[in-house]
Amino acid sequence: MKNLALTRDKADTLLLVAAAFMVIAPHFAHLPWWISATVCVTLFWRALLTLRGRRLPPVWLLLPIALLAIGGVWYSYRTLLGRDPGVAMLALLLAFKLLEMHARRDLFVVLFLSFFLLLTNFFYSQTILTGVAMVATIVVLLTAQITFQYTGAVPPLGRRLRLAGKLATLAAPLAALLFVGFPRIQGPLWGMPGDARGPRTGISDSMAPGTMTNLALSEEVAFRVRFLDPAPPQNRLYWRGVVLSNYDGRTWTRIGGTPYRRDINRITDGLTLRLGGSAIRHEITLEGTQQRYLFTLELTAPDLIVPGQRVSASDELESYTLRPLHERVRYTAVAHTDYAVQADLDPALTGKWLQLPPGFNPLTRALGARLHALAGERGSGTAELVDAVLSMLRQRRFEYTLEPPLLGRNSVDDFLFRTRQGFCEHFAGSFVFLMRAAGVPARVVTGYQGGELNPLDGYVTVRQSDAHAWAEVWVPGRGWRRVDPTAAAAPERINSGLSRALPRPAPFGLAGLMALQNDKDSWLSRLRFGMNAANNAWNQWVLDYNPERQQNFLVELWQAIGNWRTPAAAALLGALAWAGYRWRQRRALDPVQAAYARFCRHAAGLGLVPAPGEGPHSLALRLRALPLPEERKAALAEFLELYGALRYRALDDDERIRSARRLASLLR
Amino acid sequence: MFRPAVRKPEPSGAAVLTMRRVYVLPTRPGMAYAVLLLLMLIGAINYTLGLGFALTFFAGSCAVADMVLTVMNMAGLRLTAGRAQPVFAGEEAQFEVQLHNDGTTDRHAVRLGFHPPGTPRTMELPHAVDVPAGASAAVVLTVPAPQRGWLPAPPVRLTTRFPLGLFGAWSNWQPDMRVLVYPFPEADAPPLPVRGAASAEGHGAVGLDNFAGIRSYQPGDPMRHLAWRQIARLGPADGGQLVTKHFDGGAVAELLLDFGELQPMLDLELRLARMTQWVLDAEGRALPYAFRLGHLHYPAALGDAHRAACLRALALYGREGGA
């Protein structure tokens with residue numbers, strides 16, 4: 001705005017247009033380009049009309065344009081209902097409404113539309129940055145609203161912004177209190193429109209070549225963990241998710257096990273669970289996955305309680321919710337370091353973990369048969385067999401890579417005997433295939449492995465790139481044991497996480513640059529830890545502040561303040577505030593009056609109490625009669641004289657200031 | 001910020017709008033805002049938007065802060081009655097009201113106006129003022145004065161919606177003010193009842209026969225007696241003086257405005273209106289006039305004080321407050 005001598009109306013309207021732009025701008029990221037363009041052109045048009053002092057366009061011109069825009073929304077989304085078209089319509093409505101403002105209530109319509117559009121922005125982004133932008137936008141909106149309330153001269157923009165800032169500052173404590181204390185209701189209140197959630201990546205219930213590699217490239221957070229007990233070392237951080245036992249020659253899928261019963265002591269479906277060793281309590285904040293699987297540290301009894309969700313479990317030790325998880329959930333689990341699962345299972349019942357599709361991988365089948373025969377000859381058990389295969393994997397120099405060569409129809413044969421390059425899904429899948437061929441019940445377990453500890457807030461962040469697959473074999477008398485063939489072939493993957501195990505392609509962008517930094521002490525990784533910690537706190541306290549967390553927090557708060565010290569401190573603070581208030585009030589008194597009040601206190605000590613309504617002149621007369629030293633009397637008389645002059649005589653400013661100074665000095 | 005006005009000894013007739021005297025209610029946009037907040041809350045719940053909750057609560061708290069600031073925008077204002085000049089019936093009575101802001105924050109957009117009982121609360125008040133910190137503002141409020149006599153100021157209502165317009169605060173004040181309303185001057189009143197030796201030129205030339213020289217001008221001398229010829233000779237700008245023609249034997253033109261002389265058949269108000277018009281006529285033509293109304297008798301004189309005394313007597317004739 002170069003021309004500062006804008007008339008009041010113009011400046012006010014331009015401010016409103018600017019506020020509307022601030023509200024709509026974040027939506028440009030997901031609105032169809034033509035809507036963003038229409039909004040921009042409309043706002044620009046409005047600004048131009050304002051600057052030129054032209055009339056607003058008539059309704060017969062606006063109406064067809066608006067109808068055309070609605071048609072455009074329908075064309076773009078194929079519907080007018082739902083979240084995205086709704087937001088698009090609101091954005092267009094706000095822009096057009098600015099062209100159709102005639103009365104004061106139109107102003108409020110614009111402001112209220114703006115507030116609602118601000119809310120819809122959170123469908124798409126709820127980052128810290130969005131929060132900061134929200135506050136800034138609100139202050140500008142408030143400024144626009146205040147501007148229209150002046151009836152006389154309008155103060156400069158800076159002062160109006162300050163007033164809006166003062167309003168926001170006044171509102172902030174109450175807003176925080178409401179945010180923390182207002183009873184939260186767990187949504188949704190009605191069926192969420194289908195498009196409310198975007199697609200997400202994550203572990204799925206099948207594993208075909210390539211599924212894991214896609215995940216491995218994603219830096220997206222899968223979940224965060226806070227350990228309430230000492231955390232196990234990195235190479236023990238196996239986060240169990242989905243168990244895959246069916247193989248059709250290409251894809252591993254779930255069996256769809258029988259539901260797990262809550263009562264562990266009366267398990268009849270052949271699932272027995274003995275837990276021992278030290279317990280590791282951990283709290284998991286799982287991102288919305290659109291899936292139903294819950295992840296826990298191995299090995300956690302599948303009796304999780306997830307607030308607001310019904311949880312079930314299979315006899316393969318998977319925990320899942322009955323509804324897909326659209327939102328973050330938080331739950332606490334207890335893992336045990338020592339465990340035996342189905343140790344006393346009847347070997348005759350293990351058939352489903354020995355099943356192999358006929359007609360695939362003849363070489364591996366032959367190898368399995370040989371191993372089986374060998375073990376029978378030597379009389380060795382399952383454990384020795386597993387060891388033998390693992391040492392074979394180690395010796396044959398398998399290579400761990402995200403870009404394995406293409407495999408043929410007999411993918412396990414190709415991998416084990418030809419390419420020897422693969423990712424955890426190749427290792428785990430091939431290993432289980434070989435185990436089954438050798439007559440050992442085995443299955444694939446998918447989930448995550450590892451995670452990154454943030455030293456700032458103690459949270460372990462597990463990302464999609466930590467997705468992992470490993471194997472479980474059943475050992476008679478000991479139950480299911482975890483075997484990680486990837487660890488045998490590429491131990492660095494397990495010990496230090498994926499980022500070190502893989503030679504990375506040249507990183508692009510900030511995320512790549514940050515991922516490259518693995519030195520824990522570099523400023524870049526400290527910055528990254530700081531950002532992660534802030535993000536996590538934001539997630540935990542702003543985005544996921546659900547009814548359960550609210551209750552916990554309020555209980556904790558009550559425990560923290562429910563002692564004598566807190567009320568005492570509050571009382572002390574209150575007394576201080578009151579004293580400060582009084583002091584300020586005293587100071588605000590006219591200095592002449594304050595001096596007179598001091599004089600009265602002083603005179604009262606001498607036995608000279610002014611009668612109600614007694615003026616300085618009569619006081620001065622009475623003063624003469626007092627037995628006081630002459631110079632003291634003279635000073636007090638002069639005080640009264642000056643006071644009378646200041647109070648009752650018309651003095652110019654110079655005289656006034658001089659007399660007031662003298663007055664103050666006389667009492668010292 | 002929340003400091004009420006410093007207490008000071010109040011001159012009589014002043015009032016401080018303490019917090020207790022300021023009432024506040026949401027305005028129509030304010031209620032719409034409440035609906036909006038509810039919608040936003042439902043949206044935030046349904047989509048579990050953490051930031052949505054934050055926005056809703058923040059917007060709601062802004063409304064609460066607005067309510068506080070709206071009350072504070074008015075609370076602590078000190079009101080004093082200003083001057084009020086007499087008017088003639090049928091004119092608008094003007095009351096000056098002064099608003100003093102003894103606080104440290106500026107008050108903006110305070111509307112005020114007379115608000116006689118029975119007018120709707122939402123009536124738009126005619127005046128809007130800003131009162132900066134430590135300053136005062138004066139507003140002249142008008143009210144029709146249809147009848148002679150004392151007209152007390154109606155109750156004054158003050159409202160404000162500043163800063164956001166979501167809440168309206170209001171307060172009422174009965175100022176201790178009244179104006180004197182003179183009777184309406186009769187439109188086509190008969191000529192002045194000049195008695196004594198009226199000259200052939202008519203009563204307008206009374207006493208001109210007895211021209212007795214000139215003397216220097218004294219305040220109160222009628223303009224028509226200025227000796228223009230002498231003044232023109234040496235204008236006041238050149239050091240000359242205004243001079244007035246001096247007449248002897250003014251007693252010849254005794255002008256007495258006597259209420260008792262008027263036809264008792266006439267309506268009382270009409271008689272008063274005629275007297276009023278005569279007082280104005282006599283003043284306008286600088287004829288000294290004596291005045292008689294009931295027991296009241298003012299000897300012949302001219303000038304604002306005389307005029308005011310006569311009109312006052314007419315205004316209050318037969319009314320409470322003296323004849």
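Model, not experiment: these values are computed from the prediction. (Residues numbered from 1 in each chain as written. Chains lettered and ligands numbered in written order. Predicted model: local features only at pLDDT ≥ 70, side-chain atom pairs only at ≥ 80, totals over all residues. Heavy atoms only, no water.)

**Re the sheet that holds strand β4 (residues 87-88) of chain B**
All names here are of chain B.
In step 1: Spatial strand order, β4-β12-β9: three strands in an open sheet with mixed pairing. The outermost strands of the open sheet, each flanked by one partner alone, are β4 and β9 (149-152).
In step 2: Bridge count between β4 and strand β12 (residues 178-182): two bridges; the pairing is parallel. Each bridged residue has a counterpart across the sheet, and for F88 the counterpart in β12 is Y182.
In step 3: Each of β4, β9 and β12 is contacted by helix α5 (residues 304-315), which is oriented at about 90 degrees to β12, the strand it contacts most. (Pairing = 2+ DSSP bridges. Helix = DSSP H or I, 4+ residues; strand = E, 2+ residues; numbered from the N terminus. Contact = heavy atoms within 4.5 Å. Axes fitted to C-alpha atoms, helices over the stretch in contact; angles between N-to-C directions.)

**Comments concerning the packing of aromatic side chains**
What describes a pair of aromatic rings is the distance from one ring centre to the other and the angle between the planes of the rings.
All names here are of chain A.
In step 1: One pass over the full model with this rule turns up 29 aromatic pairs over all chains.
In step 2: Seen in terms of ring centroids, F227 and W239 are 6.1 Å apart; in terms of plane orientation they differ by 35 degrees. Their pairing is tilted. You can see F227 sitting in strand β2 (residues 221-227) and its partner W239 sitting in strand β3 (residues 238-244), a full 12 residues away along the chain. Both residues of the pair, F227 and W239, belong to the buried class. (Phe/Tyr/Trp six-rings, centres within 6.5 Å; stacked < 30°, edge-to-face > 60°. Buried < 20%, exposed > 50% of the residue type's maximum accessible area, 1.4 Å probe, protein only.)

**Re the sheet that holds strand β16 (residues 459-463) of chain A**
All names here are of chain A.
In step 1: Here five strands make up an open sheet; going across it, the order is β11-β6-β2-β16-β15 and the pairing antiparallel. A single partner strand is all that each edge strand has here, and the edge strands are β11 (329-341) and β15 (452-453).
In step 2: The sheet contact formed by β2 and strand β6 (residues 273-286) spans five bridges and is antiparallel. Bridge pairing in β6 places R226 opposite E283.

**Some thoughts on the packing of helix α4 (residues 83-98) of chain A against helix α5 (residues 104-120) of chain A**
Residues and elements named next belong to chain A.
In step 1: The interhelical angle for the contact between α4 and α5, taken along N-to-C directions, is 155 degrees, at an axis separation of 10 Å. With respect to α5, the axis of α4 lies roughly antiparallel. For the crossing formed where α4 meets α5, the hand is left-handed. When α4 is examined against α5, the residues V87, L90, A91, L93, L94, K97 and L98 are found in contact with a partner set consisting of D106, V109, V110, L113, S114, F116, L117 and T120.
In step 2: Within the contact of α4 with α5, the residues separate by chemical class into 11 nonpolar, two polar and two charged. (Parallel < 35°, antiparallel > 145°, perpendicular 65-115°, else oblique. Left-handed = near helix turned anticlockwise from the far one by under 90°. Nonpolar A, V, L, I, M, F, W, Y, C, P; charged D, E, K, R; others polar.)

**As for the UniProt feature "transmembrane region" (unreviewed entry) in chain A**
Residues and elements named next belong to chain A.
In step 1: As annotated by UniProt and renumbered to match this structure, "transmembrane region" (unreviewed entry) occupies residues 12-28, 58-77, 106-124, 130-151 and 163-182.
In step 2: Along residues 12-28 the backbone is 76% helical and 0% strand, and the end-to-end C-alpha distance reaches 25 Å.
In step 3: Summarising residues 58-77: 95% helix, 0% strand, and an end-to-end C-alpha distance of 29 Å. (UniProt positions renumbered as here; feature names shortened; annotations may be inferred.)

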